[in-house]
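Commentary on secondary and tertiary structure
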Amino acid sequence: MSARGKARRRALDILFEAEARSQDPLSVLAERLERAEPPVNEYTTTIVEGVCRHRSRIDELITTYAEGWTLDRMPAVDRNLLRGGTYELLWMPDVPEGVVISEWVGLASELSTDESPQFVNGLMARFKQLKPSLTL
């Protein structure tokens, strides 16, 4: 797994843990940075901070385009995969869109349900398609 791939997975871990503990992801991130075991990649920090900064817009987009699914009904892993992936896809123009989608779909394949990779891929592909028209 590439350094960025590991950073994405660690960002997902932090987002998921924060939700499971009903804590702010930035607090969980701060704990991990302080403990530094294992060290937190700068890219992990960028993703977690970006998701927090744009969380309301990200959740609005997921809710709008996830046909037949509410955020509450989605598995927590999928919710946080989509949050991280949507942030990276829409707010990090230096990362190739295809790489972003592939990496987050790969995490869905590894960590979530059998249906999750297709769901994550479909929603992120839709965001990629709509990106020029989305107001961020």
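To start, this report covers the structure provided alongside it. These figures come from a predicted structure and were not determined experimentally.

Conventions used here
Residues numbered from 1 in each chain as written. Predicted model: local features only at pLDDT ≥ 70, side-chain atom pairs only at ≥ 80, totals over all residues. Heavy atoms only, no water. Helix = DSSP H or I, 4+ residues; strand = E, 2+ residues; numbered from the N terminus. Expected span 1.5 Å × (residues − 1). Buried < 20%, exposed > 50% of the residue type's maximum accessible area, 1.4 Å probe, protein only. Contact = heavy atoms within 4.5 Å. Arc of directions from axis to C-beta. Phe/Tyr/Trp six-rings, centres within 6.5 Å; stacked < 30°, edge-to-face > 60°. Lys NZ or Arg CZ within 6 Å of the ring centre and 35° of its normal.

1. A look at helix H1 (residues 3-20)
Relative to the 26 Å expected for 18 residues at 1.5 Å per residue, H1 spans 26 Å between its end C-alpha atoms, a close match to the ideal helical length. Within H1 the residues assigned to the buried category are Gly-5, Ala-7, Arg-8, Arg-10, Ala-11, Leu-12, Ile-14, Leu-15 and Ala-18. In this structure, the buried side of H1 is in contact with helix H2 (25-35), helix H3 (42-65), helix H4 (76-91) and helix H5 (97-111). Following H1 by one or two positions, Ser-22 has its phi on the positive side, about 55°.

2. Re H2
All buried positions along H2 are accounted for by Pro-25, Val-28, Leu-29 and Arg-32. Angularly, the buried residues of H2 cover 100° about the axis, an arc narrow enough to put them on a single face. Looking at the buried residues of H2, the elements they touch are H1 and H3. Just beyond H2, the residue with positive phi is Ala-36, at close to 55°.

3. Quick look at the packing of aromatic side chains
All told, the structure shown has 3 aromatic pairs when counted by the stated rule. When the centroid spacing of 5.9 Å and the interplanar angle of 85° are considered together, the rings of Tyr-65 and Phe-127 count as edge-to-face. With Tyr-65 in helix H3 and Phe-127 in helix H6 (residues 116-130), this pair connects stretches of sequence that are 62 residues apart. With relative accessibility at 0%, the residue Phe-127 sits in the buried group. Pairing Tyr-87 with Trp-91 gives two aromatic rings, centres 6.1 Å apart and planes at 10°, and the pair type is stacked. Taken together, the positions of Tyr-87 and Trp-91, both in helix H4 and 4 residues apart, correspond to about one turn of that helix. Lying over the aromatic face of Trp-69, Arg-73 brings its terminal NZ or CZ to 4.1 Å of the ring centre.

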